[in-house]
Amino acid sequence: MKIGITCYPTYGGSGVVATELGKELARLGNEVHFVSYAMPYRLKKFQENIYFHEVEFSNYPLFEHQLYTLALASKMIEVAENHKIDLFHVHYAIPHAMSACMAKKILATRGYEIKIISTLHGTDITLVGLEPSFMPLVKFSIEESDGVTAVSQFLKDKTKTAHQTNKDIQVIYNFIDTELYKPKNNETSKSHFAPNGEKILIHTSNFRPVKRVADTIRVLKLVNDIIPAKLLLIGDGPDRSECERLTKELKLENKVTFLGKQDGIEDLLFLGDVFFLPSETESFGLAALEAMACGVPIICTNIGGLSELNIQNKTGYLTDVGDVETMAKNTIDLLSDEGKHKQFKEACRNRAVNQFNKNLIIQKYLDYYKEILSK
Ligand code: GMT
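Values in this document were obtained by computation on a predicted structure and should not be read as measured data.

**Q** When you look at the sheet that holds strand β2 (residues 31-36) in this model, what are you seeing that I'm missing?
**A** Read across the sheet, seven strands follow the order β3-β2-β1-β4-β5-β6-β7 without closing on themselves; strand pairing throughout is parallel. The sheet is open, and its two edges are formed by β3 (50-54) and β7 (169-171), each paired on a single side. For this sheet, the mean angle separating the axes of adjacent strands, direction not counted, is 25 degrees. Here strand β6 (residues 147-150) pairs with β7 via three bridges, running parallel. Within β7, the position partnered with V148 by the bridge is I169.

**Q** What exactly am I supposed to notice about the pairing of strand β4 (residues 87-91) here?
**A** β4 sits mainly inside the fold: five of its five residues count as buried. Residues L87, H89 and H91 point to one face of β4 and F88 and V90 to the other, with burial holding for every one of them. In this sheet, β4 lies alongside strand β1 (residues 2-6) in parallel orientation, the contact comprising four bridges. By the bridge assignment, T6 is partnered in β4 with V90.

**Q** Please clarify how the environment of E325 should be interpreted in this entry.
**A** Secondary-structure assignment places E325 in helix α12 (residues 324-336). Linking E325 and D215, residues 110 residues apart in sequence, is a C-alpha distance of 10.0 Å.

**Q** Even after reading the chapter, I still don't get a nonpolar patch on the surface, so can you show me in this structure?
**A** Among the surface-exposed residues, Y60, L62, F63, L67 and L70 lie close enough to one another that they form a single nonpolar patch of about 520 Å² accessible area. Structurally, F63 can be placed in the loop between β3 and α2 (68-83).

**Q** Can you walk me through the pattern of salt bridges in this structure?
**A** Where charged atoms from two side chains of opposite charge approach closely, those side chains can pair. Under the counting rule described, the total for this entry stands at 27 salt bridges. Put simply, E290 and R42 hold a salt bridge, and the shortest N to O gap is 3.9 Å. With E290 in helix α10 (residues 286-293) and R42 in the loop between β2 and β3, this pair connects stretches of sequence that are 248 residues apart. On the basis of relative accessibility, which here comes to 7%, the residue E290 falls in the buried class. Sharing partners across several salt bridges, the network here consists of E20, K23, R42 and E290.

**Q** Would you mind going over the environment of T331 with me for this structure?
**A** Mapping T331 onto the fold places it in helix α12. Overall, the relative accessible area of 0% leaves T331 in the buried class. Placed 111 residues apart in sequence, T331 and L220 show a C-alpha to C-alpha distance of 9.4 Å. Beyond its immediate chain neighbours, meaning those up to four positions away, T331 contacts L201, V219, V223, V274, F276 and I299.

**Q** What should I look at first to understand the packing of helix α8 (residues 213-224) against helix α9 (residues 240-249) in this one?
**A** The geometry of a pair of packed helices is captured by two quantities: the angle between their axes and the separation between those axes. Where α8 meets α9, the axes come as close as 9 Å, and the angle between the chain directions of the two elements is 15 degrees. It follows that α8 is roughly parallel to α9 by the angle criterion. Relative to α9, the crossing made by α8 is right-handed. Counted together, V213, A214, I217 and R218 of α8 and C243, L246 and T247 of α9 form the full contact between these two elements. Taken together, the residues that form the contact of α8 with α9 break down as five nonpolar, one polar and one charged.

**Q** Help me understand the nonpolar core in this model?
**A** One broad trend across soluble globular proteins is that nonpolar side chains are buried collectively. The biggest cluster of nonpolar side chains holds 89 residues, and the ones touching the most others in it are L25, F88, L269, F275, L289 and Y369. Both of domain 1 (2-175 + 357-374) and domain 2 (187-355) provide at least three residues apiece to this core. Look past the residues within four positions of Y369 in its chain and what remains in contact with it is M1, I3, L21, L25, L87, H89 and I117. Core analysis: the second largest hydrophobic core is formed by 28 residues, L201, A229, M327 and L334 among them.

The rules behind the values
Residues numbered from 1 in each chain as written. Predicted model: local features only at pLDDT ≥ 70, side-chain atom pairs only at ≥ 80, totals over all residues. Heavy atoms only, no water. Pairing = 2+ DSSP bridges. Helix = DSSP H or I, 4+ residues; strand = E, 2+ residues; numbered from the N terminus. Axes fitted to C-alpha atoms, helices over the stretch in contact; angles between N-to-C directions. Buried < 20%, exposed > 50% of the residue type's maximum accessible area, 1.4 Å probe, protein only. Patch = residues over 30% accessible without salt bridge, like charges linked within 9 Å, V, L, I, M, F, W, Y side chains within 5 Å. Areas by Shrake-Rupley, 256 points an atom, 1.4 Å probe, with all protein chains shown as cover. Salt bridge = Lys/Arg side-chain N within 4 Å of Asp/Glu carboxyl O. Contact = heavy atoms within 4.5 Å. Parallel < 35°, antiparallel > 145°, perpendicular 65-115°, else oblique. Left-handed = near helix turned anticlockwise from the far one by under 90°. Nonpolar A, V, L, I, M, F, W, Y, C, P; charged D, E, K, R; others polar. Core = buried A, V, L, I, M, F, W, Y, C linked by side-chain atoms within 4.5 Å. Domains from an automatic or database assignment.

See the structure below:
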């Protein structure tokens, strides 16, 4: 198969899913063409069957704002015609699905038929996609796509109700490479962060307001009053300064380590005794799946698709948004009971391997591609 993939190339779960999917499809012998404004950051080195096409912008002085949606559609048309692409799989509806729809219509006028699959990831439906000015475009691009997938049942239901569409949407969960993300035993790194045997609490995100990173610091404060603990914060973004300020205010400078953006977090996550994801909205929570695969129990909120991933009282706990007291209580309960903690760790690993491993989920995408192409 010849597949075009468009995604955001920067840090972020949708880009990770799209890139890892493309890499795996290429490994299975498909020809994969990535089309975006920059090389996806997970495409680090040359891999057979993978090609990258950079979207170019016109510098014409009249255009005060860059016309990315149009530039992307133009590049999709060029790539589809030059490389005989069978289908374009676009990740994140805005504006990728819209560009793909435009490209499809224009290609049809030139006698070339192409299929489009749009994968909805989260805020393209639940936040930005709900802005009144975007709603007609999101609905149109969903309905015009030949196939639509959502990364959780929650997101599928939300799409149907919020955008009032009867479009058939296939739920295909996110996946993880359980050979890369796995429990490891590295006492050296553990003692680097927790020299006195403190428990390690961990969180990764892009520090946007929806992630509520400050809650992890408030939970640490309460946990550390009972059980000596350290908090590792991985990632960067708009809320980092506020989190650093809060850390000082709560006098936790020696307890919180801001590691910034990190490549290869599979070499850090397994150090965690628990993983926090206190988000306000989360359609799936790929970061939590990464931690689960490393055998780290999850303390998260009970919103969005998180309950489809994290099983209450088995792989972790789910709590109302902002309820840092309950998050701290659950963390303390779990960390004070070695047997229970071990059970949770094993349940996390087993769930990642049995339900979300990449081979299982990529086969679902391949089956779906075949279904759409045969229509
Ligand atoms: O929707 C976003 O905010 C961005 C997007 C991303 O690119 O990271 O995140 C969403 O997609 C991820 C991958 O499918 C999911 O794991 C995240 O839960 C989801 N984020 C939200 O729903 C806030």
